[in-house]
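Inside the fold
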Amino acid sequence: MAGGAFVASAGGAKGNKEYPGQLTAYVVFTCLIAACGGLIFGYDLGISGGVTAMTPFLQKFFPKVYRKQIGVESANQYCKFNSLLLTLFTSSLYIAALVASLVASAVSKKFGRRVSMLFGGLVFLIGAAINAAAQNVAMLIVGRILLGIGVGFANQSVPLYLSEMAPYKYRGALNSLFQLMITVGIFLANVVNYLTDKMSNGQGWRVSLGLAVVPALIMTIGAIFLSDTPNSIIDRNKPEEAKKQLQRIRGPVNIDEEFNDLVSAIHESKKYKGQWSNLMQRKYRPHLCMAVLIPFFQQFTGINVVMFYAPVLFKTIGFHSAASLASAMITGGVNLIATFLAIYLVDKKGRRFLFLEGGCQMFIFQALIGTLIGIKFGTEGTAAIPTGYGILLVVCICLFVAGFAWSWAPLGWLVPSEIFPLEIRSAGQSINVVVNMFCTFLIAQIFLTMLCHMKFGLFFFFGVMVAIMTVFVYLFVPETKGIPIEEMSQVWKDHWYWKRFIPQDVELEQKRKTLNP
């Protein structure tokens with residue numbers, strides 16, 4: 001009996017408000033345009049790993065790595081790409097995004113989500129142009145830093161925009177469009193890399209890097225024509241404009257109750273000066289923990305090892321260049337298809353179900369990947385890989401990617417964006433992005449060194465992390481499905497652990513005791 005009560009408590013409570021509202025064509029259109037901010041992040045994730053596996057790129061910028069690759073300096077497969085300068089090229093974007101997201105918090109709150117997206121798209125556009133024209137490593141890194149600023153602004157503002165625009169019944173699906181666009185960007189980048197690698201003039205890497213201007217233009221031009229969210233408009237003291245916008249996005253229904261609740265919530269939030277100091281208050285401890293631990297665990301699934309180092313990883317385990325890029329394209333396609341499944345299930349099965357199922361699936365196949373690589377390469381990493389064995393390994397990697405794509409991939413952005421009250425929403429989302437980008441930077445910076453020293457044991461390391469995060473979800477992450485974003489405080493008040501941090505409403509408690517003596 002105790003176990004059943006515990007599970008119900010961990011799952012959260014139903015919201016006590018049901019606002020009318022339709023999934024209008026206008027909402028779908030605006031959310032699709034805003035979600036294109038995920039394209040720039042996804043394209044970069046996919047393009048960087050493929051470019052660093054291209055021979056002309058390595059010869060021009062990283063000749064030492066190229067010599068290792070052809071066996072002049074090192075025969076150990078695990079260590080062929082171990083280069084501090086190469087990882088700096090990859091990871092500099094993420095440290096720039098980390099810093100930019102902190103600035104984006106203030107911009108997003110003062111000027112709205114739309115302005116933040118517009119600025120991010122413009123800066124990303126400039127960075128893509130510099131990378132395509134790069135003549136030395138310094139130009140590459142400057143371009144990557146500008147790309148990172150664009151990603152930081154987009155990742156801070158887009159999930160908030162989607163959560164605030166969506167009717168609460170469809171918030172999970174519409175917010176997951178951001179992750180869908182990330183996967184579309186990754187897949188398209190893998191296709192581009194596969195095709196440009198075949199260019200005979202040795203300039204395919206320039207085309208790959210330069211085509212990043214396309215998603216940047218989509219985001220920038222789209223942001224010009226988007227309207228801001230009602231929440232953000234009210235927060236900037238324009239209630240009449242906000243009411244018109246809310247009516248427009250909810251359709252021909254009575255929006256008075258939802259509008260009045262939005263106004264009340266925002267007026268209440270203005271009593272709290274300084275969103276960063278507010279975030280440190282005891283009553284926001286659950287929110288802060290989620291903003292830190294969810295993005296931390298998302299990156300320590302090991303997914304970035306597969307996604308932005310996929311071609312490098314496949315070349316490391318014995319595939320030749322064309323085959324490694326083709327295998328990366330396959331995993332990108334699996335990632336895209338599985339994300340569609342997440343969009344379908346997230347508002348039906350709920351967040352916890354997907355978190356737990358995806359965690360179990362990732363653990364199983366992470367362990368299998370490590371075992372298969374260990375059996376074939378051992379610690380020496382000098383064996384050739386048979387075709388059938390390679391196909392089996394790719395299948396396991398694809399099933400690992402699928403488990404991530406319908407769980408931690410969309411939910412890592414969705415859950416933090418929907419749990420914060422308005423007074424700390426921008427700051428909370430910035431914490432989410434900062435932790436996400438720092439962990440992405442850390443993984444990018446140390447992965448190749450870890451692979452060189454830990455060999456196949458690296459995959460068991462990530463498998464253990466997946467097991468820990470799955471237990472964390474079971475114990476501490478409440479269900480947020482179907483709860484209006486301004487009514488989210490109830491899930492913490494009803495949670496078996498987090499309720500100790502949340503001030504309980506005395507009148508509400510008395511009513512509950514009356515109804516349940």
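Coordinates for the structure precede this section.
Computed from a predicted structure; not experimentally measured.

**Considerations on the overall build of the protein chain**
Within the protein chain one finds 26 helices and zero strands. The contacts of the protein chain with a sequence gap of at least 6 include a subset with a gap of at least 24, amounting to 81%. For the protein chain, the exposed area adds up to about 19100 Å²; of that, 68% sits on carbon and sulfur atoms.

**A short note on the packing of helix H2 (residues 25-35) against helix H8 (residues 137-165)**
The interhelical angle for the contact between H2 and H8, taken along N-to-C directions, is 170°, at an axis separation of 9 Å. Judged on the interaxial angle alone, H8 and H2 are roughly antiparallel. Facing H2, whose interface residues are Val-27, Thr-30, Cys-31, Ala-34 and Ala-35, H8 presents Val-158, Tyr-161, Leu-162 and Met-165. Tallied by class, residues from the contact of H2 with H8 come to eight nonpolar, one polar and no charged.

**Details of the side chain of Asn-278**
Mapping Asn-278 onto the fold places it in helix H15 (residues 275-279). A polar contact is formed between the side chain of Asn-278 and the side chain of Gln-281, at a distance of 2.9 Å.

**Some points on the environment of Ala-216**
For Ala-216, the location among the structural elements is in helix H11 (residues 213-225). Sequence separation between Ala-216 and Gly-121 is 95 residues; the distance between their C-alpha atoms is 5.1 Å. Non-local contacts of Ala-216, meaning those with residues more than four positions away in its chain, are made with Ile-40, Gly-121, Phe-124 and Leu-125.

The rules we used
- Residues numbered from 1 in each chain as written.
- Predicted model: local features only at pLDDT ≥ 70, side-chain atom pairs only at ≥ 80, totals over all residues.
- Heavy atoms only, no water.
- Helix = DSSP H or I, 4+ residues; strand = E, 2+ residues; numbered from the N terminus.
- Contact = heavy atoms within 4.5 Å.
- Areas by Shrake-Rupley, 256 points an atom, 1.4 Å probe, with all protein chains shown as cover.
- Axes fitted to C-alpha atoms, helices over the stretch in contact; angles between N-to-C directions.
- Parallel < 35°, antiparallel > 145°, perpendicular 65-115°, else oblique.
- Nonpolar A, V, L, I, M, F, W, Y, C, P; charged D, E, K, R; others polar.
- Polar contact = N/O pair within 3.5 Å; in protein donor to acceptor, adjacent residues only side chain to side chain.

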